[in-house]
Amino acid sequence: MKKLFFVFLSVMVLLPVAAENRDRAIVLASSNDKLQVETLSRIGYGFHFVKSSEFKPSAAGEFFFNFVQLDVFPTEFLEIQFGLDCEFNHYTSKSSYFYLDSDRKVQVTDFSEMDKSNSRFRGGVRTFNINAPLMVKGIFGFFQVGVGVEGSLNLAGKAYYNHRVGNTRDTHSEAKAALNLFSFGLVAGATYDDFGFYVKFYPKPSRVLAPGSVDFSYWTLGVTFGL
């Protein structure tokens, strides 16, 4: 998490400089500018609103950054946007700990079953994904509004929990969690200039964790810079 924080901080420092000259992010463009290829076109953070009958959710969210994006402008007022994003997700609970069973599937158990001398519990799941959002946007001056779909290639996941024993924080982490290779969601968003917000909904058949893992559903509300 410390490495992720410094990556996020570095991007936040560099983006305002790039925003002064947005052409610096365009690496390829047609002669009439109706087709453009951008790099690092946006970053964002979303809050996951999690629901589960198996554990009590606490903080959950996603951080992502775009590394390449294709923009097509069929008309002055319409944009078709296809990108590839790196995304880091986390889902946590203060009342349950998360672990992998013999099949590498994520399971949960209530912290009350642990030693009562332990305190400050937190458990969770983290995943890393490559997302491919496809958006259709209406352009109204500096204001844009769009809808689309987002496919996800789920590459890595881990379950973890930590708790305090006396003055020592004890952390347990298990990598290579069983994931569905592909998942998808529905996306809508609006921006004004370089700032915006978005919402994502995930149909019930779309799950990141493999069948037989802990069951939960969620939707996401987030903010972006340079979307």
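Data block above holds the structure.
1. Let's talk about the environment of glycine 61
Counting through the fold element by element, glycine 61 comes out in strand β4 (residues 60-75). Glycine 61 sits 160 residues away from leucine 221 along the chain, and the two C-alpha atoms are 9.0 Å apart. Excluding residues within four positions of it along the chain, glycine 61 makes contact with Tyr45, Gly46, Phe47, His48, Phe88, Asn89 and His90.

2. Observations concerning the side chain of serine 41
Turning to its location among the elements, serine 41 is positioned in the loop between β2 (35-38) and β3 (43-51). Of the polar contacts made by the side chain of serine 41, one reaches the side chain of arginine 42; its length is 3.3 Å.

3. Comments concerning the packing of aromatic side chains
Under the criterion given, the structure shown has 19 aromatic pairs. With 5.8 Å between their ring centres and 70 degrees between their planes, phenylalanine 64 and tyrosine 198 make a pair best called edge-to-face. Of the two residues, phenylalanine 64 sits in strand β4 while tyrosine 198 sits in strand β12 (residues 195-201), which places them 134 residues apart along the sequence. Since its relative accessible area comes to 3%, tyrosine 198 is described here as buried. A ring pair is formed by tyrosine 91 and phenylalanine 216, whose centres lie 5.1 Å apart and whose planes are at 50 degrees; its orientation type is tilted. Of this pair, tyrosine 91 sits in strand β5 (residues 78-93) while phenylalanine 216 sits in the loop between β12 and β13 (217-225), and the two are 125 residues apart along the sequence. Exposure class is identical for tyrosine 91 and phenylalanine 216. Each is buried.

4. Focus: the nonpolar core
Membership of the largest hydrophobic core comes to 17 residues, with the highest contact counts inside it found for Phe98, Val106, Val214 and Phe216. Elements with a contribution of two residues or more to this core: β6 (96-100) and β7 (106-110). What valine 106 contacts, discounting residues up to four positions off in sequence, is Phe98, Tyr99, Leu100, Val125, Ala159, Ala177, Leu209, Ser213 and Val214.

Parameters and conventions
- Residues numbered from 1 in each chain as written.
- Predicted model: local features only at pLDDT ≥ 70, side-chain atom pairs only at ≥ 80, totals over all residues.
- Heavy atoms only, no water.
- Helix = DSSP H or I, 4+ residues; strand = E, 2+ residues; numbered from the N terminus.
- Contact = heavy atoms within 4.5 Å.
- Polar contact = N/O pair within 3.5 Å; in protein donor to acceptor, adjacent residues only side chain to side chain.
- Phe/Tyr/Trp six-rings, centres within 6.5 Å; stacked < 30°, edge-to-face > 60°.
- Buried < 20%, exposed > 50% of the residue type's maximum accessible area, 1.4 Å probe, protein only.
- Core = buried A, V, L, I, M, F, W, Y, C linked by side-chain atoms within 4.5 Å.

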